[in-house]
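Chain by chain, the residues run as shown.
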Amino acid sequence: LMWTSLHVNSWRENTLNLPHLYMADRGAHILKDLRVPFAYLYSPSLSPKPPDWGEHIDVVGSLVATVEKGHEPDAGLASFLQNGTTPIFV
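The model shown is predicted, which means the values in this text are computed figures rather than measured ones.

## Considerations on a nonpolar patch on the surface
Together, Trp11, Leu16 and Leu18 make up a nonpolar patch on the protein surface, roughly 290 Å² of accessible area in all. With respect to the helices and strands, the residue Trp11 is situated in helix α2 (residues 8-14). With a relative accessible area of 48%, Trp11 lands in the partly exposed category.

## Some points on the side chain of His56
Along the chain, His56 turns up in the loop between β1 (38-40) and β2 (57-59). Reaching out from His56, the side chain makes a polar contact with the side chain of Arg35 at a distance of 3.5 Å. Excluding its chain neighbours within four sequence positions, the residues that come into contact with His56 are Lys32, Arg35, Val36, Pro37 and Phe38.

## Concerning unusual backbone geometry
Here the phi dihedral of Asn17 falls at roughly 55°; this positive angle occurs in a residue that is not glycine. Its identity is not glycine, yet Arg35 carries a phi of approximately 55°, on the positive side. Within the secondary structure, Arg35 sits in the loop between α3 (30-33) and β1. Of the residues examined, Arg35 reaches a relative accessible area of 45% and is grouped as partly exposed.

## Structural notes on the confidence of the model for the protein
With 89% of its residues at a pLDDT of at least 70, the protein reaches an overall mean of 83. Of all the helices and strands in the protein, helix α1 (residues 2-5) carries the lowest mean pLDDT, 59, while β2 carries the highest, 93.

The rules behind the values
- Residues numbered from 1 in each chain as written.
- Predicted model: local features only at pLDDT ≥ 70, side-chain atom pairs only at ≥ 80, totals over all residues.
- Heavy atoms only, no water.
- Patch = residues over 30% accessible without salt bridge, like charges linked within 9 Å, V, L, I, M, F, W, Y side chains within 5 Å.
- Areas by Shrake-Rupley, 256 points an atom, 1.4 Å probe, with all protein chains shown as cover.
- Salt bridge = Lys/Arg side-chain N within 4 Å of Asp/Glu carboxyl O.
- Helix = DSSP H or I, 4+ residues; strand = E, 2+ residues; numbered from the N terminus.
- Buried < 20%, exposed > 50% of the residue type's maximum accessible area, 1.4 Å probe, protein only.
- Polar contact = N/O pair within 3.5 Å; in protein donor to acceptor, adjacent residues only side chain to side chain.
- Contact = heavy atoms within 4.5 Å.
- pLDDT = per-residue confidence, 0-100.

Written out as C-alpha cells, the structure reads:
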C-alpha cells in the first residue's frame, strides 16, 4: 500500500504518460512481477540474500564514500557535527 500513498499513479500518468495501476491488477507487485533489477545496500554478511528472491535481486553491501586526507567539511556541516547530538547511520 505504500506506493498508493506516494501518489505513484499521479506521477505515472502526469509525468511518465503511463497508465494507472490498480490494486486488483497487482499494482503493488509490479516490480516483482516484471522482475525489475534491484540492489539492497546492506552487507550479505549481515543477512544473506534469501534463495527465493530470484536472480533480478542482489545484496551488494553498503556504499562507502572515500574521503581524501585533509578533507574539511563546510562550515555548516562542521558546526552541526560539533554542536549537535552524534548522528547515526543505519
